[in-house]
Amino acid sequence: MVTTGGPYQIHTEARGPHWVSWITRDGGDQKPDRSIILIAASREEAEARARRWAEQTSH
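Given the structure is predicted, the values throughout are model-derived calculations rather than measurements.

## Overview of the environment of Arg51
Moving on, step 1. Tracing the backbone shows Arg51 in helix H1 (residues 43-57).
Moving on, step 2. Overall, Arg51 belongs to the partly exposed group, its relative accessible area being 30%.
Moving on, step 3. Through-space distance from the C-alpha of Arg51 to that of Ile23 is 8.2 Å; in sequence the pair is 28 residues apart.

This is the structure:
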């Protein structure tokens, strides 16, 4: 799943019993920005973690 928010996109994917999320910046590259993957128990939590991380790193 991909969610757009500002100059970045949030990606989430189920991996076994948990969810992973990562962000990509504008430019079309689908690799995680700075190679960072976030792990969470649910899709919603994974998206929220990725959104917080993206907002903190964009300042």
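From this point, things continue past the structure.
## Brief notes about the side chain of His11
Moving on, step 1. With respect to the secondary-structure elements, His11 resides in strand S2 (residues 8-15).
Moving on, step 2. Using a relative accessible area of 4% as the deciding quantity, one classes His11 as buried.
Moving on, step 3. Among the polar contacts made by the side chain of His11, one reaches the side chain of Thr24 at a distance of 2.9 Å.

## Remarks on the pattern of salt bridges
Moving on, step 1. Tallied over the full model, the rule gives six salt bridges.
Moving on, step 2. One salt bridge connects Glu47 with Arg43, and the closest N-O pair in it is separated by 2.9 Å. Within this pair, Glu47 and its partner Arg43 are both found in helix H1, separated by four residues, close to a single helical turn.
Moving on, step 3. The class of Glu47 is buried, set by a relative accessible area of 11%.
Moving on, step 4. In this structure Arg43 comes out as partly exposed when scored by relative accessible area, which is 26%.
Moving on, step 5. Residues Glu45 and Arg49 are paired through a salt bridge, measuring 2.7 Å at the closest nitrogen-oxygen approach. Within this pair, Glu45 and its partner Arg49 are both found in helix H1, separated by four residues, close to a single helical turn.
Moving on, step 6. The class for Arg49 is partly exposed, based on a relative accessible area of 33%.
Moving on, step 7. What you see here is one network of salt bridges that share partners, running through Arg25, Asp33 and Arg34.

Rules and cut-offs
- Residues numbered from 1 in each chain as written.
- Predicted model: local features only at pLDDT ≥ 70, side-chain atom pairs only at ≥ 80, totals over all residues.
- Heavy atoms only, no water.
- Helix = DSSP H or I, 4+ residues; strand = E, 2+ residues; numbered from the N terminus.
- Buried < 20%, exposed > 50% of the residue type's maximum accessible area, 1.4 Å probe, protein only.
- Polar contact = N/O pair within 3.5 Å; in protein donor to acceptor, adjacent residues only side chain to side chain.
- Salt bridge = Lys/Arg side-chain N within 4 Å of Asp/Glu carboxyl O.

Keep in mind these values describe shape, not function.
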